[in-house]
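If you want the building blocks of each chain, they are given just below.
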Amino acid sequence: MSFRFSSGTMDSMAGVFAPPKKYRMGSGGGNAKGPMTGGTILGMAVASMFPKPASSSAASRPTTQAKHAFGGGSQTRMSGRAVVTAERTSRRVPEAVVRITGRQHGGGHVLANFSYISRLGHADESELGLETSEGEVLRDARDMQLLAKEWNGWEMDGDARRKGATSISMILSMPTGTDPERLKGAALDFAREEFANRSWVASLHVDREHPHVHLTIARRDHDGRRFHPDRDDLFRYRQRFAEKLRDRGIEANATPAKARGIDPKHEPIAAVKMREKGQVPEIDKSRLARAQRLREQSREDPVVAMLASRQATVRATYVRSITELSASPSAADQLVARSLERFVTTMPAPEPNSVRAMRLAAEKRVEPIVSAPVLAPVRVPPVTAPRIDTGIDRLQALHDRLTAPAAEGKPTSFQREREVEPPNDVARRIREIVEKNRGGRGKDEDHDQAGTLSDRLRAITEEISGPSEPTDFTRAHEILRQAEERNRERLDRDRMRDRDGPSR
């Protein structure tokens, strides 16, 4: 005999795994109905006169909330689905995400949506095709324009003014690490079955960490009926999408946030986008001001108390199901009970989703500073140091090699390799030639010219034989620095001139 939860535990599990009902004013939570007629009132009065049989099966009949959470069928089949759902939740299987991202009004708005999800106008390797409900792949802008015009014609339906949105865009995603192609196949299967009587387009995006599929659906179906997806519809979409993912070998779950011990109130998408950019949205500023007021008044946040009460109810439901699963003779049921017990033990403390979002954003801002390597500061070289290889360093090194040994009167290795005599020996030889020529001055026809030549040779000899002064390279470095400064100013002027585009 297969395991079956008791009626009370089944109702409690349905309250945990089904989304909360959105009640309407004056309808008592159900569909709004018109006033009862006289025949209806008379029938109810007659029915109340006859007592109900004692062996009524109403007590074991599944409730509407249980059917909504675990599907229809008998009590045994619903209990089996509840056990499987609880087991996936205890293992923290990734949750499938189905979210409405916007509504498009008019053909132009629909075409803009097509261009965005297909990356039309980007580079050729970045453009994506649009999978259609007819099995085609649109890649041309003209085809997308014709489809957007067709959808707009459906919505207008011969009227002079539009009745509402032309299309509704949704996103179906899974966490990082999911196979994109299998995700795309599951999304297309979901769209073919759920929107079989509607026209839609879909495109897979992998430009972010998590793969996701953009799905845009025409608001009117082929019979002219419009649809308005609500909270219950989105929960059903998540369940169907998770089933398609599991059929393709991807573990996926579809449970409300309260079943995982998390605040079910989701953050606005605009606030999430601003936090990703490092900005502080206005909603965070108002929350901080509210927390400051409560702290000054020494009051506890009522949201935390409400979450604690809700989590206590969820824990009690899990404990009740653990007790019944542990009493089952099946080893599989007992294994699920132990897994649920570990899940309840590690359930996070009650925390508002707003506080959690701000805390995670603050941790992301701090994490790069702690984990990223610290780069060495860029040091600007001194003015006297050459920034490019101009050859002055090599000349100065060569000068030092030539002049350093000259003071000791020893030839350098450079001079020995090239058989060049030291400067003192050269000066001595020149002096001997000058003295020899000076002795025969009277034999020259032009005495002034001979004396002048001797004086020049003597001056050159004294200059060579005298102590050599080191070459001053400071002036050369200063000239190079000024040239680099002028070049940098010219480049800055060119960049400032072309900053707003090329000049006419």
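Nothing here was measured: the structure is a model prediction, and the numbers come from that model.

(A) Broad picture of unusual backbone geometry. Positive phi, close to 55°, is recorded for arginine 119, a residue that is not glycine. Its place among the elements puts arginine 119 in the loop between helix H5 (107–118) and strand S2 (130–132). The phi dihedral of serine 298 is positive, around 55°, even though this residue is not glycine. Positionally, serine 298 belongs in the loop between helix H10 (282–296) and helix H11 (302–326).

(B) Up close: empty space enclosed by the protein. Applying the stated criterion to the full structure yields three cavities of 30 Å³ or more. Here the largest cavity is characterised by a volume of approximately 80 Å³. Split into classes, the residues belonging to the lining of the largest cavity amount to five nonpolar, two polar and four charged.

(C) Representation of the nonpolar core. Ranked by size, the top nonpolar core spans 27 residues in total, and within it Phe195, Trp200, Leu215, Phe241 and Leu245 carry the most contacts. Of all elements in the fold, only strand S4 (167–173), helix H7 (180–194), strand S5 (200–205), strand S6 (212–218) and helix H8 (231–247) reach the threshold of two or more residues within this core. No other element matches the six residues that H7 contributes to this core. Residues contacting phenylalanine 241, with those up to four places away along its chain left out, are Ala96, Val97, Val98, Leu172, Ser173, Leu183, Ala186, Ala187 and Phe190.

(D) Here's a closer look at the packing of helix H4 (residues 75–90) against helix H12 (residues 331–345). Where H4 contacts H12, the axes come no closer than 9 Å and their chain directions differ by 45°. The pairing of H4 with H12 is recorded here as oblique in orientation. Here the hand of the crossing between H4 and H12 comes out left-handed. Contacts from Val83, Ala86, Glu87, Thr89 and Ser90 of H4 reach H12 at Asp333, Val336, Ser339, Leu340 and Phe343.

(E) Quick look at the packing of aromatic side chains. One pass over the structure, following the stated rule, counts 10 aromatic pairs. On the basis of an interplanar angle of 80° and a centroid distance of 5.3 Å, the ring pair of phenylalanine 114 and tryptophan 151 is categorised as edge-to-face. Within this pair, whereas phenylalanine 114 is found in helix H5, its partner tryptophan 151 is found in helix H6 (residues 141–156), the two being separated by 37 residues in sequence. For the pair formed by phenylalanine 114 and tryptophan 151, the shared burial category is buried. On the basis of an interplanar angle of 65° and a centroid distance of 6.1 Å, the ring pair of phenylalanine 195 and phenylalanine 227 is categorised as edge-to-face.

(F) Region of interest: the environment of arginine 139. Of note, arginine 139 is situated in the loop between strand S3 (137–138) and H6. Residue arginine 139 is classed as exposed on the basis of its relative accessible area, which comes to 57%. Spatially, the C-alpha atom of arginine 139 lies 8.1 Å from that of glutamate 127, the residues being 12 residues apart in sequence. Setting aside anything within four residues of it in sequence, one finds arginine 139 in contact with Leu120, Leu128, Gly129 and Met144.

Quick notes on the rules
- Residues numbered from 1 in each chain as written.
- Predicted model: local features only at pLDDT ≥ 70, side-chain atom pairs only at ≥ 80, totals over all residues.
- Heavy atoms only, no water.
- Helix = DSSP H or I, 4+ residues; strand = E, 2+ residues; numbered from the N terminus.
- 1 Å grid on protein atoms, 1.4 Å probe; cavity = no way out; pocket = protein on both sides within 12 Å on 5 of 7 lines; lining within 4 Å.
- Points joined across faces, edges and corners; volume = space filled by probe spheres on them.
- Nonpolar A, V, L, I, M, F, W, Y, C, P; charged D, E, K, R; others polar.
- Core = buried A, V, L, I, M, F, W, Y, C linked by side-chain atoms within 4.5 Å.
- Buried < 20%, exposed > 50% of the residue type's maximum accessible area, 1.4 Å probe, protein only.
- Contact = heavy atoms within 4.5 Å.
- Axes fitted to C-alpha atoms, helices over the stretch in contact; angles between N-to-C directions.
- Parallel < 35°, antiparallel > 145°, perpendicular 65-115°, else oblique.
- Left-handed = near helix turned anticlockwise from the far one by under 90°.
- Phe/Tyr/Trp six-rings, centres within 6.5 Å; stacked < 30°, edge-to-face > 60°.

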